[in-house]
Every structure is written in structure tokens, then in C-alpha cells.
Amino acid sequence: MARKVTHTLRSDARDNRDRLLDAARALFSVEGLTVPMREVARRAGVGPATLYRHFPTKEALVTAAFEDQLRACRDIIDEACADPDPWRGLCQVIERICVLHAQDRGFTEAFLSAYPRAFTAAVGHGHMLKAIADLAGRAKRTGRLRPDFVPDDLILMLLANKGLQTASPTARPAASRRFAAYIVQAITHGPHNTPLPPPARLATPEPGPG
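Nothing here was measured: the structure is a model prediction, and the numbers come from that model.

Enquirer: I'm lost on the overall build of the chain in this one. Help?
Expert: If you tally the helices and strands in the chain, you get eleven helices and zero strands. Of the regular secondary structure in the chain, the N- to C-terminal order runs α-α-α-α-α-α-α-α-α-α-α. Within the span of the chain, comprising 210 residues, buried residues form 41% of the whole. If you take every contact in the chain between residues at least 6 apart in sequence, the share linking residues at least 24 apart comes to 75%. For the chain, the accessible surface area stands at approximately 11700 Å², while carbon and sulfur atoms represent 56% of it.

Enquirer: Where do I start with the side chain of Thr108 in this structure?
Expert: Within the element layout of this structure, Thr108 appears in helix H7 (residues 105–114). On the basis of relative accessibility, which here comes to 0%, the residue Thr108 falls in the buried class. Beyond its immediate chain neighbours, meaning those up to four positions away, Thr108 contacts His101, Lys162 and Gln165.

Enquirer: Even after reading the chapter, I still don't get the packing of aromatic side chains, so can you show me in this structure?
Expert: What describes a pair of aromatic rings is the distance from one ring centre to the other and the angle between the planes of the rings. Tallying each qualifying case throughout the model produces two aromatic pairs. Look at Phe28 and Phe66: their rings are 6.1 Å apart centre to centre, the planes differ by 40°, and that puts the pair in the tilted class. Placement of the pair is Phe28 in helix H1 (residues 2–31) and Phe66 in the loop between helix H4 (58–65) and helix H5 (67–82), with a sequence separation of 38 residues. Take Phe28: its relative accessible area is 0%, and that puts it in the buried class.

Enquirer: Looking at this structure, I do not really get the confidence of the model for the chain. What am I missing?
Expert: Detailed reading of the predicted coordinates is not advisable wherever pLDDT is low. In this model, the chain carries an average pLDDT of 84, and 85% of its residues clear a pLDDT of 70 or more. Put simply, helix H8 (residues 116–122) is where the chain has its lowest mean pLDDT, 54, and helix H2 (residues 37–44) is where it has its highest, 96. This stretch, residues 4–9, has a pLDDT under 50; its non-local contacts, to residues over four places away or in other chains, come to zero contacts. Contacts of residues 205–210 to residues separated by more than four positions or lying in other chains number nine contacts, the stretch itself having pLDDT below 50.

Enquirer: What should I look at first to understand the packing of helix H6 (residues 86–102) against helix H11 (residues 172–187) in this one?
Expert: Describing two packed helices takes the angle between their axes plus the distance from one axis to the other. Contact pair H6 / H11: the axes reach a minimum separation of 8 Å and the direction vectors enclose 145°. In this structure, H6 crosses over H11, and the sense of that crossing is right-handed. The residues of H11 that touch H6, namely those facing Trp87, Leu90, Cys91, Ile94, Glu95, Cys98, Val99 and Ala102, are Arg172, Pro173, Ser176, Arg177, Phe179, Ala180, Ile183, Val184 and Ile187. Here the residues of the contact of H6 with H11 are counted per class, giving 13 nonpolar, one polar and three charged.

Enquirer: Looking at this model, I keep getting lost on the pattern of salt bridges. Mind explaining?
Expert: Two side chains carrying opposite charge are able to pair once their charged atoms lie near each other. Inspection of the entire model under this criterion finds nine salt bridges. Note that Glu39 and Arg42 form a salt bridge whose closest N and O atoms lie 2.7 Å from each other. Here Glu39 pairs with Arg42, and both are found in helix H2, just three residues apart, close to one helical turn. For Glu39, a relative accessible area of 26% puts it in the partly exposed group. Note on Arg42: relative accessible area 55%, which makes it exposed. Here Arg96 makes a salt bridge to Glu79, at a shortest N to O gap of 2.9 Å.

Enquirer: I tried to follow the nonpolar core on my own but got confused; where do I start?
Expert: Within soluble globular proteins, side chains that are nonpolar generally end up buried alongside one another. Membership of the largest hydrophobic core comes to 55 residues, with the highest contact counts inside it found for Phe28, Val40, Leu61, Ile94, Phe111, Leu145 and Met157. Of all the elements, H6 adds the most residues to this core, at eight residues. Discounting residues that sit within four places of it in the chain, Leu61 has contacts with Leu21, Ala24, Phe28, Met37, Val40, Leu51 and Phe55.

Calculation rules
- Positions within a chain are numbered from 1, following the residues in the order the chain's sequence is written.
- The model is predicted, so local features are restricted to residues of pLDDT at least 70 and side-chain atom pairs to those at 80 or more, both for listing and for counting; the totals for chains, interfaces and linings are taken over all residues.
- In computing side-chain values, all of the structure's heavy atoms are included and hydrogens and water are not.
- Helix numbering and strand numbering both begin at the N terminus, where a helix is a DSSP run of H or I of at least 4 residues and a strand a DSSP run of E of at least 2.
- Relative accessibility thresholds used throughout: buried, under 20% of the residue-type maximum; exposed, over 50%; partly exposed, between the two (1.4 Å probe, protein chains only).
- It only takes one pair of heavy atoms within 4.5 Å for two residues to be counted as in contact.
- Computed with a 1.4 Å probe, the accessible areas rest on the Shrake-Rupley method; for each residue, only the protein chains presented here act as cover.
- Only the six-membered ring of Trp is used, alongside the rings of Phe and Tyr, when aromatic pairs are assigned; centres must lie within 6.5 Å, and planes under 30 degrees apart are stacked while those over 60 apart are edge-to-face, with the rest tilted.
- Known as pLDDT, the predictor's confidence for each residue is given on a scale from 0 to 100.
- An axis is simply a line fitted to the C-alpha atoms; with a helix, the fit covers only the stretch in contact. Between two such axes, the angle follows the N-to-C directions and lies from 0 to 180 degrees.
- Note on convention: near helix rotated counterclockwise from far helix by under a right angle means a left-handed crossing. Clockwise means right-handed.
- Each residue gets one of three labels, nonpolar for Ala, Val, Leu, Ile, Met, Phe, Trp, Tyr, Cys and Pro, charged for Asp, Glu, Lys and Arg, and polar for the others, Gly among them.
- Salt bridge, as used here: a side-chain nitrogen of Lys or Arg that lies within 4 Å of a carboxyl oxygen of Asp or Glu.
- Throughout, nonpolar core names a set of buried Ala, Val, Leu, Ile, Met, Phe, Trp, Tyr and Cys residues whose side chains join them through atoms within 4.5 Å.

Here it is, written out as C-alpha cells:
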């Protein structure tokens, strides 16, 4: 009997956690990360105590809610780095990352500014930025990527791409792909390139000890 009760409690806990994550994803996607924790609990149909038992902080909730998108980002970059043509790989990163971010307001806010240290730790310290920097270096050596490109330019791109979230959900993917195409043309090395202003430091810093 005790084993059956324990199993039921564990099943209920898993169900509550799943409902909380579903509620958080739905609210964050539409309203961003300003949604109060109590509203997430209300949407999930559980009490605040249950929410904080599973996710003691909002940072923990946000990181868990966007685990799949984080994994997708890392997979996109890893696939691009494995492409024997680094320029093609970099172009694929730009298009696919733009589309991924345009679909979810909450994920973009968390990725870019709200919880950078948690997100950086979740995918490995600096893994994505280092991988993109290495990919860009190889793309430059092919002569296709303009030499003054820096990885922070991709953060700048995502900040601009974030504006597409005001469009209708059905229009965002097409608009994002068109925006990405403009970005690719802008970073293509050619005789008509003119010098750019100095780059802005926008990349997420690596988390410190502890």
C-alpha cells in the first residue's frame, strides 16, 4: 500500500510539473517574461506553494520552460559546424536561429537579456558563441564572409529580429526568413562593402564561479 501511495504522489508531482511548464510556455510566448509567477500557477491550476516547490525561482522556471528551444539552438549550431562548407553552415545558422526566435517572445527575451547566465550555463559555458566564432573564422578564410564580421553581430541581428514578434504568428516565419536573407547579403564579402562602425559588445558573458 505504501508503495502505491508513493507512486501516486510521484505521478501527481510529475503531472503538476508538466502543467506548470505548459502554462509557463504559453504565457511567456505571448506576454514575455513579465508574467507573474502566481499567474503561471493559476493558469496551471495549482497553488503557488506547488509552483515554488518545483521551481524555487523564476530563473529556474524559465530555464526549464525553454529547455527544448535551447537544445534546438545548440543542435542548429552543431549541425552548421559539421558542414564541410563553413559559409553555408553560417548562413543556415542565421536563417534557422532567426525563425526559431521569431516564434517565441519569451524565449528571445530570456536568451538575449533576462537570464543570460542561466542560459549560458544550460548549454555549456560559452559553447554556442565559441562555436559560432570558430565557424565565422573558417567562413572568412573561404573569402565569402566579410572580414569585419564579429560574433556579436549575430546578437545584434537577433535583437532586430525580435521586432518581428509584433507580426501575426502565421507571418513570422516568412518575414524572419526574408530578414535573414537581408542579413546574409549584408555580411557577404564583396567589392561594394564599406567599413562598418566599431562593433558593440553584446554577447552574453560567461558565468563566473559559483
